[in-house]
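Residues per chain are reported as follows:
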Amino acid sequence: MNIELAVKTAVAEHLVLDFNSIKLTDSFIDDYDVDSLDLTQITMDLESHLDIEISLNYLTENLKTVQDLIDLVNKIIAGEDLKISNEPGCGRYGNYIKD
């Protein structure tokens, strides 16, 4: 299963972008003007396609780039125990961290 392909496809389809123009370093906010609803819908598409669950708690200010989303999906698929940190500076809803 190619996670990068799945993430880039979900981004391209939801934001109506050319798949080949999406770079891993592209920022959801700065490059695509994505809001929290857009990001939620992209992740819902990934959940359906990949049969995974992505907690809304992981969709924080720290999930900034396409690569960040790929990394998160890979960690979920690998079964890594992700926890939410509510430490100051970790975004409004916390940050996902590996235990």
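Describe unusual backbone geometry, and please don't skip the residues or the numbers.
One non-glycine residue, Val16, lies in the positive phi region at around 55°. By secondary structure assignment, the location of Val16 is in the loop between helix H1 (3-15) and helix H2 (36-50). According to the relative accessible area criterion, Val16 is exposed, its value standing at 72%. Non-glycine residue Asp33 carries a positive phi angle of around 55°. Note on placement: Asp33 falls in the loop between H1 and H2. Residue classification places Asp33 among the exposed residues on the basis of a relative accessible area of 65%.

Explain the packing of H2 against helix H3 (residues 66-77) to me, and be specific about the residues and the numbers.
Running from N to C, H2 and H3 point in directions that differ by 35°, and their axes come no closer than 12 Å. Judged by the twist between their axes, the crossing of H2 over H3 is right-handed. Contact residues: H2 offers Ile42, Thr43, Leu46 and Leu50, while H3 offers Leu69, Val73 and Ile77.

Hey, could you go over the environment of Ile70 for me, with residue numbers and the actual values?
Counting through the fold element by element, Ile70 comes out in helix H3. As for Ile70 and Val7, which are separated by 63 residues in sequence, their C-alpha atoms are 6.4 Å apart.

So what about the environment of Tyr58? Which residues, and what values?
With respect to the element layout, Tyr58 can be found in the loop between H2 and H3. Along the primary structure Tyr58 and Leu72 are separated by 14 residues, whereas in three dimensions their C-alpha atoms are 8.3 Å apart.

Rules used throughout
- Residues numbered from 1 in each chain as written.
- Predicted model: local features only at pLDDT ≥ 70, side-chain atom pairs only at ≥ 80, totals over all residues.
- Heavy atoms only, no water.
- Helix = DSSP H or I, 4+ residues; strand = E, 2+ residues; numbered from the N terminus.
- Buried < 20%, exposed > 50% of the residue type's maximum accessible area, 1.4 Å probe, protein only.
- Axes fitted to C-alpha atoms, helices over the stretch in contact; angles between N-to-C directions.
- Left-handed = near helix turned anticlockwise from the far one by under 90°.
- Contact = heavy atoms within 4.5 Å.

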